[in-house]
Structure formats: structure tokens, C-alpha cells
Amino acid sequence: MNPSKPARPLYLSGETEGVFALFHDASDRRGDTAVLMCPPFGLDPICLYRKQRDWAEHLAAGGYPTLQIDLPGSGDSAGKPDDPARLQAWTQAASAAALWLRTASGAPRIVAVGVGLGGLVCYRAAFEQAPIDDLVLWAVPARGRALVRELRVYSRLPVSSVLAPGDPGPPLLPEGAVLAAGYLLSAETAAALEALDLTELPLPNAKQRRVLLLGRSGPTADERLRGSLERTGVDVTLASGRGYGAINEVFERVGDWLAEGEAHRDRLSAAVE
């Protein structure tokens, strides 16, 4: 691997809210692929925050220009968590980021990597004709309500509400809102996610797509999502996520999967010629 170039911070504007991004260009480009990384939510970013940047640098060093984004209302992006229409704003942000990455990198093929909520958003963006070709979905449920239910359970754990001495604690939440590890889902956003079912959103041009499904702590992914993708003709690969403690193994598995796609397209091009 070649060392990646220093990450370039930028804001994506236009039709989206100000979306903060880090662009990791590749010193030695490999094939025709660039990677968009869409972040998770809640406890997941605490587990993954530094590792996300390590992962982006690893991908860039392997030859894949990589763009990390913060979703609107989170991180260094504009907006607030309780602003209206967050799910649509997140979807538009992923779409705009994919378009920017394709233009800036010159890569004709964009692979979106999403963990948890990030995977739901990337998938929804691809359904809405975003310039996303393939997907890596780690711990992504077919139904958004499974993710919201998990966040609600976590929000009730003592670790999610530990207070400093003298801290009166957060204000009472509106009915339906979720606060997990300091991360807020408004009642409107939670309801929008609970209504989201990826099996009802068939990906366009499904037979031309590849999807890598990673289980959270093993090879078990959401079977409803897997079955839905396979029925429409998507080339699905199932692999173990092994948990966040073994994330370096995920780096290597995703890298191998990307390389397999490059090799397959090279063989098809050679056969045509």
C-alpha cells in the first residue's frame, strides 16, 4: 500500500445543507472505484469515530479515493438534530456527496459504505437514483424500526444517562423522541425511520450491482434484506463483521471485496474486447 495523501476538509453546499466532509485522495489510484463513507448513529460513532478515519486512510492507501461525511444536524455539518425532515436531508446529503466524489475523483463507480443508520441512508439514496453503484452494509437492518427499537433500549441503560456531579440532566424529551448516549432522534425522525422498509425499495438496475452484507458480530445479516436483494438480482456477498473490536479484519475483508469487483470488471472488459 502507498501512503494516502493528507485528508482535505471541505463543505458540500448547493441543494443540501452545509455537509462537512473529509476527502482522502489516493496517491496511486486502483481501478475505477471511489468510496463514500456514511456514518452511523448513537453509540456506534463513539465506538467507531477514530476508526472511521483510519478506515478511510486505509482505503485511500489501497488506491480508492474516499470521502467521509457528517450527516446534517450531526458532527461538523450544519443544522440541528431536531430540524424537520432529517431522513430526507440525510438522503440528499449522501446523494450530493456521491456526486461530488464521482466528479472530484473521476471514478466512474461509487461504492457507499454505511454502518447502521448510515447504511439505511446510503441504500435509500441509491434507490432515489443517487450516483451510488455498490453498497457495503454493516449491521444494517431491513427495517428502520429495528434500529430505532435498539436505540430506545440503549437509551434506557444507565450508561446512557450518567451525569456529572451537579448536572441536572437533560430536559424531558418530547413523546416519541430518542436520546441515546447524547445523540438525539426527534419524534418526527424516529417515526420516519420506523416507517422505512428497504425491502419495499428495490434498487434500480439491480443486476448491475454488488452488495456486501456484514453482520454485527458474525456472519448473520438481516435475512429479509438479503432475500430481497437476491430476488431482484443483486450480487450479494455475506461476511462477518466480527464486532468493532476486530474492525481491522473488516478493513481487509472490504478491501478484498472491492478488489474482487475490480478484477471481475477487468475480465468482462477483456472478454468484450
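Refer to the structure above for everything that follows.
In this text the structure is predicted, and so the values were computed from the model without any measurement. Note that residues are indexed from 1 along each chain, following the sequence as it is written. Under the rules for a predicted model, residues below a pLDDT of 70 receive no local features and side-chain atom pairs below 80 are neither given nor counted, while totals for whole chains, interfaces and linings still include all residues. Computation of side-chain values covers all heavy atoms of the structure but excludes hydrogens and water.

Let's shift gears to empty space enclosed by the protein. Only protein atoms enter the 1 Å grid, on which a cavity is a set of points fitting a 1.4 Å probe that cannot get out and a pocket is an open set with protein on both sides within 12 Å along at least 5 of 7 lines, lining residues being those with an atom within 4 Å of a point. Grid points are joined across faces, edges and corners, and a volume is the space filled by probe spheres set on the points. A complete count under the given rule lists 2 cavities of 30 Å³ or more for this structure. Its boundaries defined by the atoms lining it, the second largest cavity holds a volume of some 30 Å³. Helix and strand assignments come from DSSP, with helices taken as H or I runs of at least 4 residues and strands as E runs of at least 2, each series counted from the N terminus. With 3 residues, the top contributor of residues to the lining of the second largest cavity is helix H7 (residues 247-272). Residue classes follow a fixed rule: Ala, Val, Leu, Ile, Met, Phe, Trp, Tyr, Cys and Pro count as nonpolar, while Asp, Glu, Lys and Arg count as charged, and any other residue, Gly among them, counts as polar. Partitioned by chemical class, the residues of the lining of the second largest cavity number 3 nonpolar, 1 polar and 4 charged.

Put simply, the largest pocket is a space of about 560 Å³. In this structure, the largest pocket is lined by 28 residues; those nearest its centre are Pro39, Tyr49, Asp70, Ser74 and Gly75. Only strand E2 (19-24), helix H1 (43-61), strand E4 (66-69), helix H2 (86-105) and strand E8 (183-185) provide two or more residues apiece to the lining of the largest pocket. When residues in the lining of the largest pocket are grouped by element, the largest group, 5 residues, is from H1. Split by residue class, the lining of the largest pocket holds 17 nonpolar, 7 polar and 4 charged.

Once that is clear, we can look at the packing of helix H4 (residues 144-155) against helix H5 (residues 187-194). At a minimum axis distance of 6 Å, the contact between H4 and H5 shows a crossing angle of 135 degrees. Our classification of the angle between H4 and H5 gives oblique. The segment H4 lies against H5, with Gly144, Arg145, Val148 and Arg152 engaging Ala190, Leu193 and Glu194. Looking at the contact of H4 with H5 residue by residue, the classes come out as 3 nonpolar, 1 polar and 3 charged. Throughout, an axis means a line fitted to C-alpha atoms (over the contacting stretch in the case of helices), and angles, computed between N-to-C directions, take values from 0 to 180 degrees. Any angle that falls under 35 degrees is termed roughly parallel, while one over 145 is termed roughly antiparallel, one within 65 to 115 roughly perpendicular, and all others oblique. A contact between two residues is defined here by any heavy atoms of the two lying within 4.5 Å.

Here the focus is the side chain of aspartate 25. Examined against the element boundaries, aspartate 25 turns out to sit in the loop between E2 and strand E3 (33-38). For each residue, the accessible area found with a 1.4 Å probe, counting protein chains only, is set against the maximum for its type, and the residue is called buried under 20%, exposed over 50%, and partly exposed in between. Taking relative accessible area as the criterion, aspartate 25 reaches 16% and is therefore assigned buried. Whenever a nitrogen or oxygen atom comes within 3.5 Å of another N or O atom, the pair is scored as a polar contact, on the condition that within protein one atom can donate a hydrogen and the other can accept it, and that pairs from neighbouring residues in sequence are kept only if both atoms are in side chains. Separated by 3.0 Å, the side chains of aspartate 25 and arginine 29 make a polar contact.

Moving on: the packing of aromatic side chains. Note on aromatic pairs: the rings of Phe, Tyr and Trp (six-membered ring only in Trp) are paired at centre separations within 6.5 Å, and the planes decide the class, stacked below 30 degrees, edge-to-face beyond 60, tilted for the rest. Enumeration over the complete set of coordinates arrives at 5 aromatic pairs. An angle of 80 degrees between the planes, with centres 5.2 Å apart, marks the rings of phenylalanine 23 and tryptophan 100 as edge-to-face. In this pair, phenylalanine 23 is assigned in strand E2 and tryptophan 100 in helix H2, connecting sequence segments 77 residues apart. Taking the relative accessible area as the measure of exposure, phenylalanine 23 reaches 6% and is therefore buried. Ring centres 5.8 Å apart and planes at 70 degrees place the aromatic pair phenylalanine 41 and tyrosine 183 in the edge-to-face group. Placement of phenylalanine 41 in the loop between E3 and H1 and of tyrosine 183 in strand E8 is noted, with a sequence separation of 142 residues between them. Exposure remark for phenylalanine 41: the relative accessible area of 14% places this residue in the buried category. Of the aromatic side chains, those joined through ring pairs into one cluster are Trp55, Trp138 and Phe251. Placement of a charge over a ring requires the Lys NZ or Arg CZ to be within 6 Å of the ring centre, with the centre-to-atom vector within 35 degrees of the ring normal. Positioned above the aromatic ring of tryptophan 257, the side-chain terminus of arginine 210 is 4.1 Å from the ring centre.

The subject of this paragraph is the environment of arginine 102. Looking at the element boundaries, arginine 102 is found in helix H2. Along the chain, arginine 102 and alanine 34 lie 68 residues apart, while their C-alpha atoms are 7.3 Å from each other. Setting aside its immediate chain neighbours within four residues, arginine 102 contacts Ala107, Pro108, Arg109, Ile110, Pro131 and Asp133.

For the rest of this paragraph, the subject is the pattern of salt bridges. When a carboxyl oxygen of Asp or Glu lies within 4 Å of a side-chain nitrogen of Lys or Arg, that pair is called a salt bridge. Evaluation of the coordinates by the stated rule reveals 11 salt bridges. We note a salt bridge from glutamate 194 to arginine 152, for which the minimum N-O separation is 3.8 Å. Here glutamate 194 is found in helix H5, whereas its partner arginine 152 is found in helix H4, with 42 residues between them in sequence. Classification of glutamate 194 as partly exposed rests on a relative accessible area of 34%. The class of arginine 152 is partly exposed, set by a relative accessible area of 22%.

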